[in-house]
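An overview of the molecular structure
So you can see what is in the structure, the chains are spelled out below.
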Amino acid sequence: MPDDKPAPSPPTRPAAKPDDGQGAVVAERQSARVEPPRMYQVVLLNDDYTPMEFVVMVLQEHFQRDFETATQIMLKIHHEGRGVCGIYTKDVASTKVETVLAAAKRSGHPLQCIMEAA
Ligand code: TYC
């Protein structure tokens, strides 16, 4: 059976003990290894009322997609019911969702936007 677990990090060890110049030896512990942050995908959902042009504009303005890519993503959502707009850290994904929902509401469209663990 293939082992797909990531290799375990080596244990942290105390760094060399620096002399603080006051006759005391200070033990410093190296900081623990940092795991990469969990990533979240921001997903747009299809509906029957939001204009295609508005979705393309959202993808260009909020997800930095060029017009052609934005159009492809919008059509995928239109045909398949949902589509991934981008993958971000938790805080960024959450802000994107709130910003897109606010823009849709402001424009009177029922567009729905969610985030989920990638
Ligand atoms: N289905 C919409 C229409 O026909 C277009 C649309 C695409 C709406 C993507 C939402 O996330 C969406 N006007």
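The structure presented is a predicted model; accordingly, all values stated were derived computationally and were not measured. (Residues numbered from 1 in each chain as written. Predicted model: local features only at pLDDT ≥ 70, side-chain atom pairs only at ≥ 80, totals over all residues. Heavy atoms only, no water.)

1. Details of the state of the cysteines
What the rule picks out here adds up to 0 disulfides. Counting only cysteine sulfurs, C113 is the nearest neighbor of C85, a cysteine outside any disulfide, at a range of 5.8 Å. (Disulfide = S-S within 2.5 Å.)

2. Overview of the nonpolar core
V42, L44, V58, L59, F63, V100 and L111 are the most contacted members of the largest nonpolar core, which totals 21 residues. When residues of this core are traced back to their parent elements, those giving at least two are β1 (39–45), α1 (52–63), α2 (67–80), β2 (82–89) and α3 (90–107). Of all the elements, α1 adds the most residues to this core, at 6 residues. Once you skip the residues sitting within four places of it in the chain, F63 turns out to touch V42, V58, C85, G86, Y88, K96 and V100. (Core = buried A, V, L, I, M, F, W, Y, C linked by side-chain atoms within 4.5 Å. Buried < 20%, exposed > 50% of the residue type's maximum accessible area, 1.4 Å probe, protein only. Helix = DSSP H or I, 4+ residues; strand = E, 2+ residues; numbered from the N terminus. Contact = heavy atoms within 4.5 Å.)

3. Some thoughts on the environment of E61
With respect to the element layout, E61 can be found in helix α1. For E61, a relative accessible area of 52% corresponds to the exposed category. Between the C-alpha atom of E61 and that of V100, which follows or precedes it by 39 residues, the distance is 9.7 Å.

4. Some thoughts on the packing of α1 against α3
Their axes nearest at 11 Å, the elements α1 and α3 cross at an angle of 145°. In the packing of α1 onto α3, the handedness of the crossing is right-handed. Across from F54, V58, H62 and F63 in α1, the residues of α3 making contact are K96, T99, V100, A103, A104 and S107. (Axes fitted to C-alpha atoms, helices over the stretch in contact; angles between N-to-C directions. Left-handed = near helix turned anticlockwise from the far one by under 90°.)

5. Some details on the site of the ligand
Surveying the vicinity of the ligand reveals the residues L45, N46, D47, T50, M52, V55, M74, I77, H78 and L111. D47 has a polar backbone atom sitting 2.7 Å from a nitrogen atom of the ligand. H78 places a polar side-chain atom, nitrogen or oxygen, 2.9 Å from a nitrogen atom of the ligand. Considering the ligand on its own, with 350 Å² of exposed area, one finds that the protein chains cover 89% of that surface. Within the residue set of the shell around the ligand, elements represented by two or more residues are α1 and α2. Counting residues per element, the shell around the ligand draws most heavily on α2, which supplies 3 residues. Looking at side-chain class alone, the shell around the ligand contains 6 nonpolar, 3 polar and 1 charged residues. (Near = heavy atom within 4 Å. Polar contact = N/O pair within 3.5 Å; in protein donor to acceptor, adjacent residues only side chain to side chain. Areas by Shrake-Rupley, 256 points an atom, 1.4 Å probe, with all protein chains shown as cover. Nonpolar A, V, L, I, M, F, W, Y, C, P; charged D, E, K, R; others polar.)

6. A word on the environment of F54
Looking at where F54 falls in the secondary structure, it is placed in helix α1. Between the C-alpha atom of F54 and that of H109, which follows or precedes it by 55 residues, the distance is 8.8 Å. Look past the residues within four positions of F54 in its chain and what remains in contact with it is A103, A104, S107, H109 and L111.

7. Some remarks on the confidence of the model for the protein chain
Predicted confidence across the protein chain gives a mean pLDDT of 85, with 75% of residues reaching 70 or more. Here residues 1–19 is a poorly scored stretch, pLDDT under 50, and it has 20 contacts once near neighbours within four places are set aside; other chains count. (pLDDT = per-residue confidence, 0-100.)

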